[in-house]
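Given next are the chains, with one letter for each unit.
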Amino acid sequence: MTFVFPPQPTPSVVVGGESARFPVRRIFCVGRNYEAHAREMGKDPTREAPFFFTKPADAVVDDGATVPYPPLTKNLHHEAELVLAIGKPGFNVSEVDAWDLIWGYAVGNDLTRRDLQLEARDKGRPWDWGKAFDNSAACGPIRKATDVGRLEQGFIQLTVNGAIRQQADIADLIWSVPEIVSILSRAVRLLPGDLVYTGTPAGVGALIPGDVCVVEIEGLGNLTTTVGEAAT
Ligand code: MN
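**Considerations on the coordination of the manganese ion**
Turning to step 1, where the next piece is worked out: Distances from the manganese ion to its protein donors, namely Glu79 (OE), Glu81 (OE) and Asp110 (OD), fall within the range 2.0 to 2.1 Å.
Turning to step 2, where the next piece is worked out: All donors of the manganese ion come from a single chain, and their spacing in sequence reads E-x1-E-x28-D. In this pair, Glu79 sits in the loop between strand E7 (76-78) and strand E8 (80-86) while Asp110 sits in strand E9 (residues 102-110), placing the two residues 31 residues apart along the sequence. Per residue, the accessibility class of Glu79 equals that of Asp110, and both read buried.

As structure tokens, then:
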């Protein structure tokens, strides 16, 4: 096959302890998956079916990146999240079988143009402009599930310039890791390279140029993202 011009490189993420990178196919994100965060967003944290949104694969940025302050917003927010890295195909998988699809785990930051997201939400419009912008999917080095095991608990925290903003435990997820994978696989056929951002705990807040945002999850290490000046 030939192309009329060279295709863009495949988006990818660092794998901890390896030179080979994890190729990213699609990025799925779960909305409101911690009770206290659902409340702070003005929603009732009842256990209704989870909902999803997506980001383009090339929105992914590595640990240590400086992300330019994005256009159109006056309220860029951080969202600390556990990220699942899918390594096997799966369609209609059970919760028991869902674990087999998970190649690894990473620390993520679901960067959000909160003003655009809330305007879209309140007008019944798509969330894309609030969520799916350039460099919006910060992702730390992926740790292999064969090393980490099944991730069902462990602290998750986020600091901005050293001050704690978000602090919770993975065990507080409304929808657990295998439940998310199983439910998602009923909607789409999951394939190797898919990333799943599993939702953020309470404490989301604004970032401004110069801020250094660090997310940590027990057993998975850190993800550091610096906010730069707006791109010109
Ligand atoms: Mn999120």
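**Remarks on the pairing of strand E14 (residues 163-169)**
Turning to step 1, where the next piece is worked out: By the bridge criterion, six bridges tie strand E13 (residues 155-160) to E14 in an arrangement that is antiparallel. By the bridge assignment for E14, Leu158 is matched with Gln166.
Turning to step 2, where the next piece is worked out: Linkage of E13 to E14, two consecutive antiparallel strands, is achieved through a turn of two residues, within which Asn161 is found at a positive phi near 50°.

**Notes on the nonpolar core**
Turning to step 1, where the next piece is worked out: If you look at the biggest cluster of nonpolar residues, it comprises 46 residues, and the most contacted ones within it are Leu82, Leu84, Tyr105, Ile170 and Val181.
Turning to step 2, where the next piece is worked out: The set of elements that each furnish at least two residues to this core consists of strand E3 (27-30), E8, helix H2 (95-101), E9, E13, helix H6 (177-187), strand E17 (212-217) and strand E18 (221-228).
Turning to step 3, where the next piece is worked out: Counting residues per element, this core draws most heavily on H6, at five residues.
Turning to step 4, where the next piece is worked out: If near-sequence neighbours (up to four positions away) are discounted, Ile170 is found in contact with Tyr34, Leu82, Leu151, Glu152, Gln153, Gly154, Ile156 and Ile217.
Turning to step 5, where the next piece is worked out: Residues Val83, Ala85, Ala106 and Trp127 belong to the second largest nonpolar core, which totals 19 residues.

**Some points on the sheet that holds strand E16 (residues 205-206)**
Turning to step 1, where the next piece is worked out: The sheet built from three strands is open, its strands ordered E10-E7-E16 with antiparallel pairing. In this open sheet, the two edge strands, each paired with only one partner strand, are strand E10 (112-113) and E16.

Scoring rules and cut-offs
Residues numbered from 1 in each chain as written. Predicted model: local features only at pLDDT ≥ 70, side-chain atom pairs only at ≥ 80, totals over all residues. Heavy atoms only, no water. Donors = N, O, S within 2.8 Å, 3.2 Å for Na, K, Ca; no water. Helix = DSSP H or I, 4+ residues; strand = E, 2+ residues; numbered from the N terminus. Buried < 20%, exposed > 50% of the residue type's maximum accessible area, 1.4 Å probe, protein only. Pairing = 2+ DSSP bridges. Core = buried A, V, L, I, M, F, W, Y, C linked by side-chain atoms within 4.5 Å. Contact = heavy atoms within 4.5 Å.

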